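# Close look at the chain arrangement
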Amino acid sequence: MKKILVVDDEIGFTRLLQMNLEKTGNYSVRVVNDSTKALEAARIFHPDLALLDIVMPGMDGGDLVAQMKNDPTLAKIPVIMLTALVGKNETSDDAVVQSGSLLMLGKPVRLSVLIQAIEEQLAAVS
Amino acid sequence: MLGCYLGAVFWNSKRDSNGKTKLPRGSELYFHVFQQASIPTLICDPGGAIVEVNLAFTELLGYTNAQLAGKRVSEITHSSDLESHHGRLTQLINGGQDNVRAEKRYVRQDGSTVWGAISVSVAKDAQGRPVFMISQIRDITSERRTREKLLESEGRMQAILDNSEAIIYGKDLLGRYILVNHQFERIFGLTRDRVIGCSDAEIFPAAQAEVFAQNDQLVIQSARGMQFEEEAAVGAEIRTYVSVKFPLRNIRGNMVAVCGISTDITERKLHERELRTLNEQLVKTNNELKEIQMQLIQAEKLESVGRLAAGVAHEVKNPLALLSLGVDYLESSVASEDPNIPFILNDMREAITRAEKIIHGMVDFSSDRQLKLQRHDLNEIIRGAETLVKHELTRNSIELTNHLAEPLPDVLVDRVKIEQVLVNLIMNSIQAMKEQAGGSLQIKTSVQRLVNQEWDAGARTADHLRGGDAVVVIQITDSGPGIPVAILPKIFDPFFTTKPTGEGTGLGLSVVKKIVDLHRGLLTLENAVDGGVIITLTLRAQPHLMPATPKTSAIPLP
């Protein structure tokens, strides 16, 4: 069973995401709604993959990725960014996008599309 | 001699012994008549010495007989009239005439002047020698005074007329001039003597004279003052006048003449015309400004919509994401008792997709205007767009034919945006042909020179397309049903759609138009003669690049 860390301030969305993913029986999901506590949670949880929102109060998705990359214990974790932002030019940090093992998905996302993306990312690092 | 008659003045009181009035005889009778006659009368000798005056005469001049005794006529004649007095005497004595008439002034006893109309007759003896002269005098002093006053007033009137800047004239009822002022003489270069008695036809060109006469007739017929605009030749020039014409009446109120006062308004008319032209230009400019203002307001609106749209999109997409996952969850878990549940979930899924599309359209429509312009071959972009719609074409049995001119000059475009335009246009055509079983789509490119480009008030920029510009033209022709004429003007309006509610956001063509506008290109949609729609997209062709020349470097390579 793969461990997935979900960081998003939308409580309803994260609850449904967790229910959907765990229902497949393939994933164990940990949700963090307060992004400032995400790094701490990641260090304890050791996820196989992180699903991050971009626009969040406290610490945004871009900063979070950057901090993960700076932490050797987290740097290798593949990341999928989920965003409700519109247009590619609005994704905050070009450097992050270019750093590899990072995928952008727009909200709303179909569960099937998301699962496919998760599997691809997991396959890429294994 | 005067003295011997004095007694006779009282002669009429003589009566005979019977108490009856005794009639005088012979010269006594005539003397009596002379004395009593109401007409002041003077008798003098050929030398001008007063011989006899009657009562009326003494009353007229205020002298007594005694005062007149031994006086000459010249002594009671006004000094100004002495010359003519002597002339008359000479004339009567030496000339053949027996009688002359004249007007002269006498000096009264009190020094005042009396005007008299005199009739002087000469009495001659058997040999024809003048014996004496009889002057009969009519007092015309008041007549003269009236006449003088009249002359004075006429003189004043003429002075007023002559000093007027306007042309003033009077014509009798037959149209003959009876008065003109100095300005008339000066302007038309004619003397008063030449004009008086003439009609307009004798003075002015026939066409003008006819108008003047017609206007005069209107005044005569209506018997009231009227105003006309008249043209008259002044030298080689035609000048315009405003003429006030009115009837002149005599003392009995009968119309006797038409008087006119004409003022030159040529300059005023000219100014009026200039003013009107200026005003028209002003109105035109104002309308243009209004139009530009409307466009600015529209642009301003789009700007704020754009700012709003991005924020709204983000806020709406989050709940949509939640709904979407909710539907996903339910789809995999409630495939149970109620057979309607899958349909409901499907409807919900579609509703989410629709809402998402609307948001995308809205953001596209109002997205920032920064284009990433680069030189591109339009044919390449067309091929790229075609791969994106290949599936849709095949699915709807639509045959695609390319007539691409090779090579095309480059165009300066945002590749992604133009590809979006082409995909949108092709998808629209596919939509239009969906109803029928299959169809054909033709895409053609060509290089042209722009002709008959209409001037656009809102696009006076240097980089806007103009007639004569070299352009690359894409024509997309479908075999669909065409666009109803009634909706043609509205097809680029945001939110205008022909699709049933729910099937389209209505933003497609307005986004397309906006992108083309941002590229300073032209986009037209028209119905083809033999059915279908022809879409024409025109973009400025870029000049050929100079062939690359190898760069020379001053620093030798290591």
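Residues numbered from 1 in each chain as written. Chains lettered and ligands numbered in written order. Predicted model: local features only at pLDDT ≥ 70, side-chain atom pairs only at ≥ 80, totals over all residues. Heavy atoms only, no water.

### Brief notes about the overall build of chain A
If you tally the helices and strands in chain A, you get 5 helices and 5 strands. Ordered by position in the sequence, the α and β elements of chain A form the string β-α-β-α-β-α-β-α-β-α. Looking at the 126 residues of chain A, the share that counts as buried comes to 46%. Considering only intrachain contacts with a sequence separation of at least 6, the fraction spanning at least 24 residues in chain A is 67%. (Helix = DSSP H or I, 4+ residues; strand = E, 2+ residues; numbered from the N terminus. Buried < 20%, exposed > 50% of the residue type's maximum accessible area, 1.4 Å probe, protein only. Contact = heavy atoms within 4.5 Å.)

### Examining the packing of aromatic side chains
Taken as a whole, this structure holds 9 aromatic pairs over all chains when the rule is applied. Aromatic side chains B:Tyr169 and B:Tyr177 sit 6.2 Å apart centroid to centroid with 70° between the ring planes, which places their arrangement in the edge-to-face category. Site record: aromatic cluster; members linked through ring pairs are B:Tyr169, B:Tyr177, B:Phe184, B:Phe188, B:Phe204 and B:Phe212. For A:Lys107, the ring lying beneath its charged end belongs to A:Phe13, and the centroid distance is 4.6 Å. Note that B:Arg144 overlies the ring of B:Trp115, its terminal NZ or CZ placed 3.7 Å from the centroid. (Phe/Tyr/Trp six-rings, centres within 6.5 Å; stacked < 30°, edge-to-face > 60°. Lys NZ or Arg CZ within 6 Å of the ring centre and 35° of its normal.)

### Here's the deal with the pattern of salt bridges
All told, the structure shown has 32 salt bridges over all chains when counted by the stated rule. Residue A:Lys107 is joined to A:Asp8 by a salt bridge in which the shortest nitrogen-to-oxygen separation is 2.9 Å. Of the two residues, A:Lys107 sits in the loop between strand 5 (102–106) and helix 5 (111–125) while A:Asp8 sits in the loop between strand 1 (2–7) and helix 1 (11–23), which places them 99 residues apart along the sequence. As far as the burial class goes, A:Lys107 and A:Asp8 line up, both buried. Here B:Arg383 makes a salt bridge to B:Glu406, at a shortest N to O gap of 2.5 Å. One end of the pair, B:Arg383, is in helix 12 (residues 378–395); the other, B:Glu406, is in the loop between strand 12 (398–403) and strand 13 (411–413), and 23 residues separate them in sequence. Each member of the salt-bridge network shares a partner with another, and the members are B:Lys171, B:Asp200, B:Asp216, B:Glu230 and B:Lys245. (Salt bridge = Lys/Arg side-chain N within 4 Å of Asp/Glu carboxyl O.)

### A word on the sheet that holds strand 4 (residues 79–83) of chain A
Residues and elements named next belong to chain A. Here we have 5 strands laid out as an open sheet, ordered 2-1-3-4-5, and parallel in their pairing. Every other strand in the sheet has two partners, leaving strand 2 (27–32) and strand 5 as the edge strands with one partner each. Across the sheet, the axes of successive neighbouring strands diverge by a mean angle of 20°, strand direction being ignored. Pairing analysis gives 4 bridges linking strand 1 to strand 3 (residues 49–53), with the strands arranged parallel. Across the sheet, isoleucine 4 pairs through a bridge with leucine 49, a residue of strand 3. Helix 2 (residues 38–45) contacts strand 1 and strand 2 of the sheet and is inclined by roughly 175° relative to strand 1. Those strands touched by helix 5 are strand 1, strand 2, strand 3, strand 4 and strand 5, and its axis lies near 175° from that of strand 5. (Pairing = 2+ DSSP bridges. Axes fitted to C-alpha atoms, helices over the stretch in contact; angles between N-to-C directions.)

### Observations concerning the interface of chain A and chain B
Every contact between the two is made by 19 residues of chain A and, on the other side, 22 residues of chain B. At the boundary of chain A with chain B, total buried surface from both sides reaches about 1900 Å², with 65% on carbon and sulfur atoms. Connecting chain A to chain B are 1 salt bridge. Counting every contact that joins chain A to chain B gives 5 residue pairs in polar contact (both at pLDDT 80 or more). Per-element tally for the side of chain A that touches chain B: the top contributor is helix 1 of chain A, with 7 residues. A per-class count over the side of chain A that touches chain B returns 11 nonpolar, 3 polar and 5 charged. (Buried area = accessible area lost by both parts, 1.4 Å probe. Polar contact = N/O pair within 3.5 Å; in protein donor to acceptor, adjacent residues only side chain to side chain. Nonpolar A, V, L, I, M, F, W, Y, C, P; charged D, E, K, R; others polar.)

### Digging into the side chain of B:Thr77
Residue and element names in this part refer to chain B. Along the polypeptide, threonine 77 turns up in the loop between helix 4 (65–68) and helix 5 (82–94). Accessibility expressed as a relative area gives 5% for threonine 77, which makes it buried. Discounting chain neighbours no more than four positions away, the residues touching threonine 77 are Leu82, His85, Lys104, Arg105, Tyr106 and Val107.

### Concerning the packing of helix 13 (residues 415–434) of chain B against helix 14 (residues 508–518) of chain B
Residue and element names in this part refer to chain B. Viewed as axis vectors pointing N to C, helix 13 and helix 14 meet at an angle of 145°, and their least axial separation amounts to 9 Å. Viewed along their axes, helix 13 and helix 14 form a crossing whose handedness is left-handed. Every residue of helix 14 that contacts helix 13 at Lys417, Ile418, Gln420, Val421, Asn424, Leu425 and Asn428 is listed here: Gly508, Leu509, Val511, Val512, Ile515 and Val516. Of the residues assigned to the contact of helix 13 with helix 14, the class counts are 8 nonpolar, 4 polar and 1 charged. (Left-handed = near helix turned anticlockwise from the far one by under 90°.)

### Let's talk about the confidence of the model for chain B
Residue and element names in this part refer to chain B. The predicted model of chain B has a mean per-residue pLDDT of 83, with 85% of residues at 70 or higher. Long-range and interchain partners of residues 1–13, a stretch whose pLDDT sits below 50, account for 18 contacts in this model, where long-range means more than four residues apart. Here residues 548–558 is a poorly scored stretch, pLDDT under 50, and it has 0 contacts once near neighbours within four places are set aside; other chains count. Across the interfaces of the predicted complex, the ipTM metric reaches 0.76, alongside a pTM of 0.41. (pLDDT = per-residue confidence, 0-100.)

### Some thoughts on the sheet that holds strand 16 (residues 522–527) of chain B
Residues and elements named next belong to chain B. Sheet architecture is open: 5 strands sit in the order 12-14-15-17-16, paired in mixed fashion. The outermost strands of the open sheet, each flanked by one partner alone, are strand 12 and strand 16. On average, adjacent strands in this sheet sit at an angle of 15° to one another, irrespective of strand direction. Where strand 15 (residues 470–478) lies against strand 17 (residues 533–540), 7 bridges are found, and the strand directions are antiparallel.

### Observations regarding the packing of helix 1 of chain A against helix 5 of chain A
Residues and elements named next belong to chain A. For the pair helix 1 and helix 5, the least separation of the axes is 11 Å and the interaxial angle reads 65°. Relative to helix 5, the element helix 1 is oriented roughly perpendicular. Handedness of the crossing formed by helix 1 with helix 5: right-handed. On helix 5, the residues touching Leu17, Asn20 and Leu21 of helix 1 are Leu111, Leu114, Ile115 and Ile118. Taken together, the residues of the contact of helix 1 with helix 5 sort by class into 6 nonpolar, 1 polar and no charged. (Parallel < 35°, antiparallel > 145°, perpendicular 65-115°, else oblique.)

### Some details on the nonpolar core
Generally speaking, a soluble globular protein has its nonpolar side chains buried in company with each other. Residues and elements named next belong to chain B. Residues Leu378, Leu422 and Ile476 are the most contacted members of the largest nonpolar core, which totals 39 residues. If you list the elements that add at least two residues to this core, you get helix 12, strand 13, helix 13, strand 14 (439–449), strand 15, helix 14, strand 16 and strand 17. With 8 residues, the single largest contributor to this core is helix 13. The next biggest cluster of nonpolar side chains, apart from the first, holds 22 residues, and it includes Leu42, Tyr63, Leu92 and Val120. (Core = buried A, V, L, I, M, F, W, Y, C linked by side-chain atoms within 4.5 Å.)

### Brief notes about the environment of B:Asn402
Residues and elements named next belong to chain B. Among the secondary structure elements, asparagine 402 is positioned in strand 12. Given the relative accessible area of 32%, asparagine 402 is considered partly exposed. Sequence separation between asparagine 402 and lysine 444 is 42 residues; the distance between their C-alpha atoms is 6.0 Å. Beyond its immediate chain neighbours, meaning those up to four positions away, asparagine 402 contacts Glu386 and Ile443. Here the side chain of asparagine 402 touches glutamate 386 through a polar contact of 3.0 Å, side chain to side chain.

### Observations regarding helix 9 (residues 206–222) of chain B
Residue and element names in this part refer to chain B. For helix 9, with 17 residues, the first-to-last C-alpha span of 24 Å sits near the 24 Å given by 1.5 Å per residue. Of all the residues in helix 9, the buried ones are Gln208, Ala209, Phe212, Asn215, Asp216, Val219 and Ile220. Buried residues of helix 9, seen end-on, are gathered within an arc of 145° and therefore sit on one face of the element. For helix 9, the exposed residues set more than 90 degrees away from the buried face come down to Ala206, Ala207, Glu210 and Gln221. If you follow the buried residues of helix 9, they end up packed against strand 6 (167–172), strand 8 (226–234), strand 9 (237–249) and strand 10 (255–264). (Expected span 1.5 Å × (residues − 1). Arc of directions from axis to C-beta.)

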